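Examining the three-dimensional arrangement
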Amino acid sequence: MVERRRRGVRTALVGEALRVALAARERTDPGAGLDIVDLGGGTGGFAVPLAVEGHRVTVVDPSPDALASLERRARDEGVSELVRGVQGDAAELLGLVGESSADAVLCHGVLEVVDDPAQALQAMASVLREGGVLSLLVAQRNAVVLARALAGHLAEARVALQDPDGRWGATDPMPRRFDEAGIIGQLADTGFMVHTVHGVRTFADLVPSAFVDSEPGAADSLADLERAASQHPAFRALATQLHILATR
């Protein structure tokens, strides 16, 4: 239950910002719905709600099990005709969905694990139409430095601070993390214009689970605090993830 509440806090802010960006894009053709590609979208946590809102969503994911769950989820919500699952990864994206075929691309928690982030960003730029929206969610280096230090792993914190990929050691399960300046630079190099940067999970991973579970209204208060801090530069620098909205 606590973990579901925490996930709700984490995804709510991303979803709110994404829907504002999609609404702005949709004004060019009101009521028609958008063509959206969700790279690494898995079981459809974002894709199916977007389809419920009338958008056509293609989920590209390497896991056949996740795509099967996506199909069931879309069927249960009555939007099977608007959701398409395609097995593949970032390296195959352009061939799978086609050039200039999407009004928006979602890439949430994927750039950390692809073989070549620059190539993946270029593929996303290629499938977007002019003015199309990129919703990018990436793990941030600063947060893991703080987390390792607070856990007493001071040597690992220092390694993460200095490592080019923001990893704390050979057994770190995350292949890479980003800092804000670095990821914005990579987006600029690919031809994207960044419009907003939000911090995600600034406090959600730090507040004790027992408090969120037992204190009435704590989950809502945590969500409000996350929302208020998400664009504050000082707190954004400590967020576990950065959510970036950019256009091609």
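Residues numbered from 1 in each chain as written. Predicted model: local features only at pLDDT ≥ 70, side-chain atom pairs only at ≥ 80, totals over all residues. Heavy atoms only, no water.

Labelled according to an unreviewed UniProt entry, the chain appears under the name Methyltransferase family protein, originating from Kribbella jejuensis.

Moving on, we come to the overall build of the chain. When you go through the chain residue by residue, the secondary structure sums to 11 helices and seven strands. In terms of overall dimensions, the chain is globule-like: its C-alpha atoms have a radius of gyration of 18 Å, near the 18 Å expected for 248 residues. With the principal axes as the frame, the chain shows a C-alpha extent of 50 × 45 × 35 Å. Across the 248 residues of the chain, 46% fall into the buried class. Contacts in the chain between residues far apart in sequence, at least 24 positions, make up 72% of those at least 6 positions apart. Here the chain displays about 11800 Å² of accessible surface, and carbon together with sulfur accounts for 54% of that area. (Helix = DSSP H or I, 4+ residues; strand = E, 2+ residues; numbered from the N terminus. Rg over C-alpha atoms; globule rule 2.2 N^0.38 Å. Buried < 20%, exposed > 50% of the residue type's maximum accessible area, 1.4 Å probe, protein only. Contact = heavy atoms within 4.5 Å. Areas by Shrake-Rupley, 256 points an atom, 1.4 Å probe, with all protein chains shown as cover.)

The buried fraction of strand β5 (residues 128-139) is high, at nine of 12 residues. Where strand β4 (residues 102-108) meets β5, six bridges bridge the pair, whose relative direction is parallel. Its bridge partner being in β5, Ala104 is matched across the sheet by Val133. Crossover β4 to β5 through helix α5 (residues 117-127) is right-handed. (Pairing = 2+ DSSP bridges. Right-handed = clockwise from strand over helix to strand, strands pointing away.)

Tracing the chain through its elements places Asp35 in strand β1 (residues 35-39). A polar contact of 2.6 Å, which involves the side chain of Asp35, links it to the side chain of Arg56. Sequence-distant contacts of Asp35, that is, excluding residues within four places in its chain, are made with Arg56, Ser101, Ala102, Asp103, Ala104 and Arg129. (Polar contact = N/O pair within 3.5 Å; in protein donor to acceptor, adjacent residues only side chain to side chain.)

Strands sit in the order β3-β2-β1-β4-β5-β7-β6 across an open sheet of seven strands; the sheet is mixed. The open sheet is flanked by β3 (83-87) and β6 (193-200), the only strands paired with a single partner. Averaged over all pairs of adjacent strands, the angle between strand axes in this sheet comes to 15°, irrespective of strand direction. Pairing analysis gives seven bridges linking β6 to strand β7 (residues 241-247), with the strands arranged antiparallel. In the sheet register, Met193 faces β7, and the bridge partner there is Thr247. In this fold helix α3 (residues 64-76) packs onto β2 (56-61) and β3, with an angle of close to 170° to the strand it touches most, β3. (Axes fitted to C-alpha atoms, helices over the stretch in contact; angles between N-to-C directions.)

Quick look at a negative patch on the surface now. Taken together, Asp89, Glu92, Asp115 and Asp116 make up a surface patch of like negative charges. Along the polypeptide, Glu92 turns up in the loop between β3 and α4 (93-97). A relative accessible area of 40% places Glu92 in the partly exposed class. (Patch = residues over 30% accessible without salt bridge, like charges linked within 9 Å, V, L, I, M, F, W, Y side chains within 5 Å. Salt bridge = Lys/Arg side-chain N within 4 Å of Asp/Glu carboxyl O. Lys, Arg positive; Asp, Glu negative; His and termini not counted. Charge placed at Lys NZ, Arg CZ, Asp CG, Glu CD.)

Among all positions in helix α6 (residues 141-150), only Arg141, Ala143, Val144, Val145 and Arg148 are buried. In this structure, the buried residues of α6 make contact with β5 and α7 (154-162).

The subject of this paragraph is the UniProt feature "domain: Methyltransferase type" (unreviewed entry) in the chain. In the UniProt entry, the feature "domain: Methyltransferase type" (unreviewed entry) is given for residues 37-135. For residues 37-135, the helix share is 35%, the strand share is 29%, and the end-to-end C-alpha distance is 10 Å. (UniProt positions renumbered as here; feature names shortened; annotations may be inferred.)

Moving on, we get to the layout of surface pockets. Size it by volume and the second largest pocket reaches roughly 310 Å³. Residue lining of the second largest pocket: 20 residues in total, with Ala17, Val20, Ala21, Thr196 and Leu245 positioned closest to the centre. Of all elements in the fold, only α1 (2-26), β5, β6 and β7 reach the threshold of two or more residues within the lining of the second largest pocket. Of the residues contributing to the lining of the second largest pocket, the split by class is nine nonpolar, eight polar and three charged. (1 Å grid on protein atoms, 1.4 Å probe; cavity = no way out; pocket = protein on both sides within 12 Å on 5 of 7 lines; lining within 4 Å. Points joined across faces, edges and corners; volume = space filled by probe spheres on them. Nonpolar A, V, L, I, M, F, W, Y, C, P; charged D, E, K, R; others polar.)

Moving on, we come to the environment of Arg227. For Arg227, the position within the fold is in helix α10 (residues 218-229). Considering only alpha carbons, one finds Arg227 and Val200, 27 residues apart in sequence, at a separation of 8.6 Å.

Looking now at the domain arrangement of the chain. We note that the domain assignment places domain 1 (1-140 + 178-247) and domain 2 (141-177) within the chain. Computed from C-alpha coordinates alone, the two centres of domain 1 and domain 2 are separated by 24 Å. The interface of domain 1 with domain 2 comprises 15 residues on the first partner and 10 residues on the second. Together domain 1 and domain 2 conceal approximately 940 Å² of surface at their shared face, both sides included; 59% is due to carbon and sulfur atoms. On the domain 1 side of the interface with domain 2, the three residues burying the most area are Glu112, Gln140 and Phe178, jointly 44% of the side's total. Our count for the contact surface shared by domain 1 and domain 2 stands at zero salt bridges. Summed over the shared surface of domain 1 and domain 2, the number is seven residue pairs in polar contact (both at pLDDT 80 or more). (Domains from an automatic or database assignment. Buried area = accessible area lost by both parts, 1.4 Å probe.)

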